[in-house]
Amino acid sequence: MTTASFTLEDGRMVSFQVKGHSGLAEAGEDVLCAAITSAVRLTECAINDVLGLEAPVKVKEQDASITIKLPRKLEGEADAVCQTLLAALMVYFVQLQEEYPQHIIVMEV
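Anyway, here's the lowdown on the structure attached to this text.

**A look at a nonpolar patch on the surface**
On the surface, Met-1, Ile-105, Met-107 and Val-109 cluster together to form a nonpolar patch covering roughly 340 Å² of accessible area. Considering the arrangement of structural elements, one finds Ile-105 in strand β5 (residues 104-108). Overall, Ile-105 belongs to the partly exposed group, its relative accessible area being 34%.

**What to know about the layout of surface pockets**
For the largest pocket, the calculated volume is near 250 Å³. Around the largest pocket, the lining comprises 15 residues; the ones closest to its centre are Val-18, Thr-37, Ala-64, Ser-65 and Ile-66. When residues of the lining of the largest pocket are traced back to their parent elements, those giving at least two are β2 (12-19), α1 (31-51) and β4 (65-69). When residues in the lining of the largest pocket are grouped by element, the largest group, 5 residues, is from α1. Across the lining of the largest pocket, the residue classes break down as 6 nonpolar, 5 polar and 4 charged.

**Concerning the side chain of Asp-79**
With respect to the helices and strands, the residue Asp-79 is situated in helix α2 (residues 76-99). Residue classification places Asp-79 among the buried residues on the basis of a relative accessible area of 14%. Look past the residues within four positions of Asp-79 in its chain and what remains in contact with it is Arg-12 and Leu-74.

**What about the nonpolar core?**
Counting residues in hydrophobic clusters, the biggest one holds 24 residues, and the most contacted among them are Phe-6, Phe-16, Val-18, Ile-36, Val-40, Leu-70 and Phe-93. Within the residue set of this core, elements represented by two or more residues are β1 (2-9), β2, α1, β4, α2 and β5. Examining the composition of this core, we find that 6 residues originate from one element, α2, more than from any other.

**Concerning unusual backbone geometry**
Phi is positive for Asp-10, close to 50 degrees, though the residue is something other than glycine. Structurally, the position occupied by Asp-10 is in the loop between β1 and β2. Phi is positive for Asp-63, which is not a glycine, with a value near 50 degrees. Relative to the helices and strands, Asp-63 resides in the loop between β3 (58-62) and β4. On the basis of relative accessibility, which here comes to 79%, the residue Asp-63 falls in the exposed class.

**Comments concerning α1**
Over its 21 residues, α1 runs 28 Å from end to end, which matches the ideal 30 Å to within 8%, given 1.5 Å per residue. Cys-45 marks the point of greatest bend in α1, at about 30 degrees. Looking at the buried positions of α1, the neighbouring elements they touch are β1, β2, β3, β4, α2 and β5. Capping the start of α1, Asp-30 holds a side-chain oxygen 3.0 Å from the backbone nitrogen of Leu-32, two or three residues further along. Just downstream of α1, Gly-52 is the residue with a positive phi angle, here 65 degrees.

What counts, and at which threshold
- The numbers attached to residues start from 1 for each chain and follow its sequence in the written order.
- Per-residue local features of the predicted model are confined to residues with pLDDT of at least 70, and side-chain atom pairs are confined, for both listing and counting, to 80 or more; whole-chain, interface and lining totals are unaffected and use all residues.
- Only hydrogens and water are removed before side-chain values are computed, so all heavy atoms of the structure are retained for them.
- In this analysis, a patch consists of residues with relative accessible area above 30% that form no salt bridge, clustered at 9 Å for like charges and at 5 Å for the nonpolar side chains Val, Leu, Ile, Met, Phe, Trp and Tyr.
- In short, Shrake-Rupley with a 1.4 Å probe defines the accessible areas, and a residue's cover is counted only from the protein chains shown.
- By definition, a salt bridge exists where a carboxyl oxygen of Asp or Glu is found within 4 Å of a side-chain nitrogen of Lys or Arg.
- Runs of E in the DSSP output that reach at least two residues are strands. Runs of H or I that reach at least four are helices, and both are numbered from the N terminus.
- Three labels apply to residues, based on accessible area from a 1.4 Å probe with only protein chains included: buried if under 20% of the type maximum, exposed if over 50%, partly exposed otherwise in between.
- Grid points spaced at 1 Å and placed over the protein atoms alone form the basis of the search, with a cavity being a set where a 1.4 Å probe fits but cannot get out and a pocket an open set showing protein on both sides within 12 Å along at least five of seven lines. Lining residues have an atom within 4 Å of a point.
- Grid points are joined across faces, edges and corners, and a volume is the space filled by probe spheres set on the points.
- Residue type decides the class: Asp, Glu, Lys and Arg count as charged, Ala, Val, Leu, Ile, Met, Phe, Trp, Tyr, Cys and Pro as nonpolar, and the leftover types, Gly among them, as polar.
- In this analysis, two residues are considered to be in contact whenever any of their non-hydrogen atoms come within 4.5 Å of each other.
- Definition of nonpolar core: a set of buried residues of the types Ala, Val, Leu, Ile, Met, Phe, Trp, Tyr and Cys, connected through side-chain atoms within 4.5 Å.
- One less than the number of residues in a helix, times 1.5 Å, gives the span that helix is expected to have.
- We define the bend at any residue as the angle between the axes fitted to the seven residues before and including it, ending there, and the seven starting there.
- What qualifies as a polar contact is a pair of N or O atoms within 3.5 Å, subject to a donor-acceptor requirement within protein and to the restriction that residues adjacent in sequence count only when both atoms come from side chains.

Here it is in structure tokens:
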């Protein structure tokens, strides 16, 4: 099962972690894992490459886990855009959870 955890502090999303394999199909053929990975990569590219923050988001990959953490002093329009992107990612993952409840769980921590 894949677990997507979104960390909130003072009402704002500050990071998320996605870990585990969905188990919907064998590795390399799992469309759910591909959808999750693609959404995470798109979010990271939108924040780091398109938005172009002075201090880019921190990305940590290890085994079947990826964590993305926003910079601490993010403010103004950059923070608003990042919050929108993370909220959209969370909504997308919740929709996947509704479709594949045995394979993905989404949590706020």
